Amino acid sequence: MTFGMLVPHTKSRRFVYRLFQYCNAISVDKCFSTSCAWTSRKKPSQYGTVDTERYTSLVKAVVSSRVSCQTPDSLEEEDNTLYGPIVRSKSSSNKPTPVVPKTFHPLIKKEKTMLSEEYDPGKLVRLSLPRGSERSDMPSVTRILQQTMSQQQLFYLERWKRKMLAELGEEGFKAYSANLFKQGKLFHTVLEDALAPSETSKEETEYSEDTAGYVESIQHVLDEISEVRAIESAVQHKVLKYVGIVDCVAKYRGTLCAIDWKTSEKSKPFLHNTYDNPIQVAAYAGALNSDDNYSYQIKNGLIVVAYKDGSPAHPHFLDFGKITQYWEKWLLRLEIYMEKK
């Protein structure tokens, strides 16, 4: 079969002949190469538009050494260049604003007449609060602290009460509370005898089972008590208008203190375990300094926690700095009480 038979038409034959001649004239490699001319061209890089002068120092820092020479400061400077300076929002402080009393009254009464700084064993003060018609309308330190407790204190107190009621029942809880009060009263009676033996004979003092453990507990503290000036004595702050009864005023390790004796069934080795007792001592110190029945100024305090099982009592000493702090807290509690009233 000839080529003419395959292409019958004349015009078509001429076109095919010319095409065949053209293909023979050009290189086979060029015509049937597997790589086309347009595919050999490189695509334009997306980095071609980058400002090379701007980032020259960055490129050199990266490729010049295997170990980065950048520091936190240089990184921050780079970030500022790339993304702009950091806008830091003001962080809100979670610290509560300290509450201070509206009116501050000094703990020390500077204008008070100092009648006698020397200790006189024959002048042990033991004043009683007026009773009957002469009774003052001024609130006591204990009442003020009880009626100005925080919500947290009230919560824990109520939880403890419910727990005791569940264990003892209502009648049992009443008997338990009465027994605690009785033990505290007997303990203070024993303390009066120990601190003022000249007034009460030791033979007349009965150390019951309820108090024997407490006496043993505080023995090491009593050994460091001297120059007792007041026992179970009433104090009054005429300016701030409150009253109270201070357990003891004496020297502890040579420092004059307002002393408060406490009993506890649980160990209280730290000052914060005594709750409002430091505020109470500060209130007594301020009243002692204001009351002209006392010829001295109190700048320190002592809380002694005694234990029924006879284990060594924990003495918590309050220096002038701590007393001043708790005095401010007392002034705040006093203001809250007066506002409620």
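Up top you'll find the structure we're talking about.
This is a predicted model, so every value here is computed, not measured.

1. Considerations on the pattern of salt bridges
If charged atoms from side chains of opposite charge come close, those side chains can pair. Following the criterion strictly, the structure yields 10 salt bridges and no others. A salt bridge links D276 to R333; the nearest nitrogen and oxygen atoms lie 3.0 Å apart. With D276 in the loop between β3 (255-264) and α9 (277-290) and R333 in helix α10 (residues 320-340), the pair connects residues that are 57 residues apart, well separated along the chain. A single burial state applies to D276 and to R333, both of which are buried.

2. Considering the pairing of β3
With 7 of its 10 residues buried, β3 lies for the most part within the structure. Judged from the 5 bridges that link them, strand β2 (residues 242-252) and β3 form a sheet pairing that is antiparallel. Residue pairing across strands places K251 opposite L256, the latter belonging to β3. Here β2 folds back onto β3 in antiparallel fashion, the turn holding 2 residues, of which R253 has a positive phi close to 55°. In terms of strand pairing, β3 meets strand β4 (residues 301-307) through 7 bridges, oriented parallel. Bridge pairing links D260 to I303 in β4.

3. Thoughts on the sheet that holds strand β5 (residues 314-318)
Taken together, 5 strands build an open sheet; the order of strands is β1-β2-β3-β4-β5 and the sheet is mixed. Two strands in the sheet have a free side with no partner beyond their single neighbour: β1 (225-237) and β5. Sheet twist, expressed as the average angle between the axes of neighbouring strands with direction ignored, equals 30°.

4. Quick word on the environment of L127
Assignment of secondary structure puts L127 in the loop between α5 (72-83) and α6 (141-146). Considering only alpha carbons, one finds L127 and A230, 103 residues apart in sequence, at a separation of 8.6 Å. Ignoring any residue separated from it by four or fewer positions in sequence, one finds L127 in contact with E232, S233, A234, N293 and Y294.

5. Notes on the packing of α9 against α10
Packing of α9 against α10 brings their axes to within 8 Å, and their N-to-C directions diverge by 90°. When the axis of α9 is compared with that of α10, the two are roughly perpendicular. Seen from α9, the contacting residues are P278, I279, V281, A282, A283 and G286; seen from α10, they are I323, Y326, W327, K329, W330 and R333. Its residues placed into classes, the contact of α9 with α10 shows 9 nonpolar, 1 polar and 2 charged.

6. Remarks on the nonpolar core
Ranked by size, the top nonpolar core spans 36 residues in total, and within it Y242, V249, L288, I298, W327 and W330 carry the most contacts. Elements with a contribution of two residues or more to this core: α6, β1, β2, β3, α9, β4 and α10. If you tally residues by element for this core, the top one is α9, at 8 residues. In contact with W330, not counting residues within four places along its chain, are V141, I144, L145, Y242, I279 and A283. Among the nonpolar cores identified, the runner-up in size contains 21 residues, and Y214, V228, C248 and L302 belong to it.

7. Topic: helix α8 (residues 209-222)
With 14 residues, α8 extends 20 Å from end C-alpha to end C-alpha; this agrees with the ideal 20 Å at 1.5 Å per step. The largest bend in α8 comes to about 30°, at E216. Those residues of α8 that fall on the buried side of the exposure criterion are T211, G213, Y214, V215, S217, I218, V221 and L222.

8. Re unusual backbone geometry
Even without glycine at this site, E227 takes up a positive phi of about 50°. Structurally, E227 can be placed in strand β1.

9. A few points about the packing of helix α7 (residues 151-195) against α8
Each packed pair of helices is defined by two parameters, the angle between the axes and the distance between the axes. At a minimum axis separation of 10 Å, α7 and α8 run at an interaxial angle of 45°. When the axes of α7 and α8 are compared, the pair comes out oblique. Seen from above, α7 lies across α8 with right-handed handedness. Where α7 approaches α8, its residues Q183, L186, F187, V190, L191, A194 and L195 are matched on the opposing element by D210, T211, Y214, V215, I218 and L222. Across the contact of α7 with α8, the residue classes tally to 10 nonpolar, 2 polar and 1 charged.

10. Some words on α10
For α10, built from 21 residues, the straight-helix expectation of 30 Å at 1.5 Å per residue is met to within 8% by its first-to-last C-alpha distance of 30 Å. Among all positions in α10, only I323, Y326, W327, W330, L331, R333, L334, E335 and Y337 are buried.

11. Some remarks on the pairing of β5
The two faces of a sheet get side chains in turn, since along a regular strand they alternate between them. Note that β4 and β5 share 5 bridges and pair antiparallel. Residue pairing in the sheet places G301 in a bridge with L318 of β5. A loop of 6 residues connects β4 with β5, the two strands running antiparallel in sequence, and G310 in this loop sits at a positive phi of about 85°.

Criteria and thresholds
As a convention, each chain's residues are numbered from 1 in the sequence order in which they are written. With the structure being a predicted model, the display of local features is reserved for residues of pLDDT at least 70 and the display and counting of side-chain atom pairs for 80 or more, all residues being used for whole-chain, interface and lining totals. Computation of side-chain values: all heavy atoms of the structure, hydrogens and water removed. Salt bridges are counted wherever a side-chain nitrogen of Lys or Arg sits within 4 Å of a carboxyl oxygen of Asp or Glu. Each helix is a run of DSSP H or I of at least 4 residues and each strand a run of E of at least 2, with the numbering of both proceeding from the N terminus. Residue burial is assigned from relative accessible area. The probe radius is 1.4 Å, only protein chains are included, and a residue is buried under 20% of its type maximum, exposed over 50%, and partly exposed in between. Pairing between strands is defined by DSSP: at least two bridges between the two strands are required. All axes here are fitted lines through C-alpha atoms, helices being fitted over the stretch that makes contact, and every angle between N-to-C directions spans 0 to 180 degrees. Contacts are assigned to residue pairs that have any heavy atoms within 4.5 Å of one another. With respect to orientation, any angle under 35 degrees is reported as roughly parallel, any angle over 145 as roughly antiparallel, any angle of 65 to 115 as roughly perpendicular, and every other angle as oblique. For this scheme, ten residues count as nonpolar: Ala, Val, Leu, Ile, Met, Phe, Trp, Tyr, Cys and Pro. Four count as charged, namely Asp, Glu, Lys and Arg, and the remainder, Gly too, count as polar. Residue types Ala, Val, Leu, Ile, Met, Phe, Trp, Tyr and Cys, when buried and joined through side-chain atoms within 4.5 Å, form a set referred to as a nonpolar core. Under the convention used throughout, the expected extent of a helix is 1.5 Å for every residue step, that is, one less than its residue count. Two axes are fitted around each residue, one to the seven residues ending there and one to the seven starting there, and the angle between them is reported as the bend at that residue. Should the near helix be turned counterclockwise from the far one by less than a right angle, the crossing is left-handed, whereas a clockwise turn marks it as right-handed.

So, to be careful, I would describe these as geometric facts and stop short of saying anything about function.
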